[in-house]
Amino acid sequence: MRKNIVAGNWKMNNDLAQTETLITQLKGQTKTSNAEVMIAPSFTNLWHAFQSLRQDDIEVVAQNMHFAENGAYTGEVSASMLKSIGIQTVILGHSERRAYFNETDASLAKKVDAALTNDIRIIFCFGEELADRKAGNEEAVVESQIKNALFHLGAEAFKNIVLAYEPVWAIGTGETASPEQAQDMHAFIRKTLADTYGNEVADNMSILYGGSVKPANAKEIFGKPDVDGGLIGGAALKAEDFYAIVNAF
Ligand code: PEP
């Protein structure tokens, strides 16, 4: 049975003191849903966050990693470095990484392999731009993003992958995909998986929606049968809002 997951992507927000404050506030919240909860602080605060949340029901995950094991890649962090401080999950392919840091399907395929080799679970992000949707190409774009980065893998690997559909036009814009648009795309993604890997892989895959999810719209979006949770940006920076979303299940 697939899991419900709500993951907060803090992006480049929160220094050490702010991280401590937000974690204290998160610890003060009550979870009434069955969703797995994750937060993704910046690299500098991962270790501190991991230590602070050791005893709690919140997993600390990374926002990115490099594909190489080690070497001359100034400013980068490897899968084994994440692993060495206890991190078990990494977000890969966020649209901001694709847009501002030139991440491509090909480089993401290498990151996917490196994460899985190090036994790190992946939250793999993808989604179409507004122009793609206006042209009616959203399914073709999403299909190629998934296939190019993931479909070299065997079926077994998908146990360590969570998918996050994030239409670029809905990220940080206040514009949300309607619950029906999210459901249609999630059903298409699940069918794409089933066509190649069979129903077991498809049915067990958690597919998250990301793009301006807030307490006010989370229940309706999460109520759709193929939406198994959310990747949350802006609303993850306020403990109360984040937990209102977690508890929307
Ligand atoms: C994101 O960056 O993954 C995201 C979904 O952001 P927001 O919730 O702010 O749209």
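Just above, that's the structure.
Computed from a predicted model, the values in this text were never measured in an experiment. (Residues numbered from 1 in each chain as written. Predicted model: local features only at pLDDT ≥ 70, side-chain atom pairs only at ≥ 80, totals over all residues. Heavy atoms only, no water.)

## Remarks on the pattern of salt bridges
Proximity of charged atoms lets side chains of opposite charge pair with each other. The cut-off we apply is this: Any Lys or Arg side-chain nitrogen found within 4 Å of a carboxyl oxygen on Asp or Glu counts as a salt bridge. Under the scheme used here, helices are H or I runs from DSSP no shorter than 4 residues and strands are E runs no shorter than 2 residues, and both carry numbers assigned from the N terminus. Only protein chains enter the calculation, and the probe is 1.4 Å; a residue is then buried if its accessible area is under 20% of its type maximum, exposed if over 50%, and partly exposed in between.
Using the criterion set out here, one finds 19 salt bridges in the structure. Ionic pairing is found between R121 and E36, a salt bridge with its closest N-O pair at 3.2 Å. Taken together, the residues span a long stretch of sequence, with R121 in strand β5 (residues 121–126) and E36 in strand β2 (residues 36–40) at a distance of 85 residues. The shortest N-O distance in the salt bridge between E156 and K159 comes to 3.0 Å. Exposure class is identical for E156 and K159. Each is exposed. One network of salt bridges, in which partners are shared, links R2, R190, D226 and D228.

## Some points on the environment of G127
Formally: For this analysis, residues touch if any pair of their heavy atoms sits within 4.5 Å.
Along the chain, the position of G127 falls in the loop between β5 and α6 (130–134). For the pair G127 and H48, spaced 79 residues apart in sequence, the C-alpha to C-alpha distance is 31 Å. Leaving out residues up to four positions away in the same chain, G127 has contacts with V142, Q145, Y165, E166, P167 and V168.

## With respect to the site of the ligand
Inclusion rule: We call a residue near a molecule or strand as soon as one heavy atom of that residue lies within 4 Å of the molecule or strand. We define a polar contact as two N or O atoms separated by no more than 3.5 Å, with the added condition that, inside protein, one atom must be a possible hydrogen donor and the other a possible acceptor, whereas residues neighbouring each other in sequence contribute only through side-chain atom pairs. To be clear on the numbers: accessible area is Shrake-Rupley with a 1.4 Å probe, and residue cover counts the displayed protein chains and nothing else. Classification convention: Asp, Glu, Lys, Arg as charged; Ala, Val, Leu, Ile, Met, Phe, Trp, Tyr, Cys, Pro as nonpolar; all other residues, Gly among them, as polar.
For the ligand, the set of nearby residues contains 14 residues, the closest of which are K11, H94, E166, G172 and S212. Taking H94, its side chain carries an N or O atom lying 2.8 Å from an oxygen atom of the ligand. G233 places a main-chain nitrogen or oxygen 2.9 Å from an oxygen atom of the ligand. Taking 290 Å² as the accessible area of the ligand by itself, protein coverage stands at 95%. Residues belonging to the shell around the ligand are distributed by class as follows: four nonpolar, eight polar and two charged.

## Digging into the sheet that holds strand β6 (residues 161–165)
The following threshold applies: Here, any two strands with at least 2 DSSP bridges between them count as paired. Under this scheme, a helix contributes an axis fitted over its contacting stretch, all axes are lines through C-alpha atoms, and angles between N-to-C directions fall in the 0 to 180 degree range.
Read from one edge to the other, the open sheet built from eight strands follows the order β3-β2-β1-β8-β7-β6-β5-β4, with strand pairing classed as parallel. A strand with exactly one partner marks an edge of an open sheet, and here the two such strands are β3 (58–60) and β4 (89–92). The mean inter-strand angle of the sheet, taken between neighbouring strand axes irrespective of direction, is 25°. Sheet topology note: the β6/strand β7 (residues 207–210) ladder contains three bridges and is parallel. Opposite Y165, over in β7, you have Y209 as the bridge partner. Against the sheet, helix α8 (residues 179–197) engages β5, β6 and β7, with an angle of about 145° to β7.

## Focus on the pairing of β4
Neither face of β4 is exposed, since T89 and I91 on one face and V90 and L92 on the opposite face are all buried. In this structure, β4 lies alongside β5, joined through four bridges in parallel fashion. Looking across to β5, one finds that T89 is bridged to R121.

## So, the packing of aromatic side chains
Ring pairs (aromatic) are described by centroid distance and by the angle formed between their planes. Keep this limit in mind: Between the rings of Phe, Tyr and Trp (Trp by its six-membered ring), a pair exists once the centres lie within 6.5 Å; its type follows the angle of the planes, with under 30 degrees stacked, over 60 edge-to-face, and the other angles tilted. Charge-over-ring placement is defined geometrically: NZ (Lys) or CZ (Arg) within 6 Å of the ring centre, and within 35 degrees of the ring normal.
Counted by the stated rule, this structure contains eight aromatic pairs. Summarising the aromatic geometry, the rings of F151 and F158 are spaced 6.2 Å apart at their centres and angled 85° between planes, so their arrangement reads as edge-to-face. Pair check on accessibility: F151 and F158 agree, each one buried. Following the ring pairs from residue to residue traces out a cluster consisting of F124, F126, Y165 and Y209. Over the face of the ring belonging to F101 we find R97, whose NZ or CZ atom lies 4.1 Å from the ring centre. The lysine or arginine in question, K110, covers the ring of F67, its NZ or CZ lying 4.3 Å from the ring centre.

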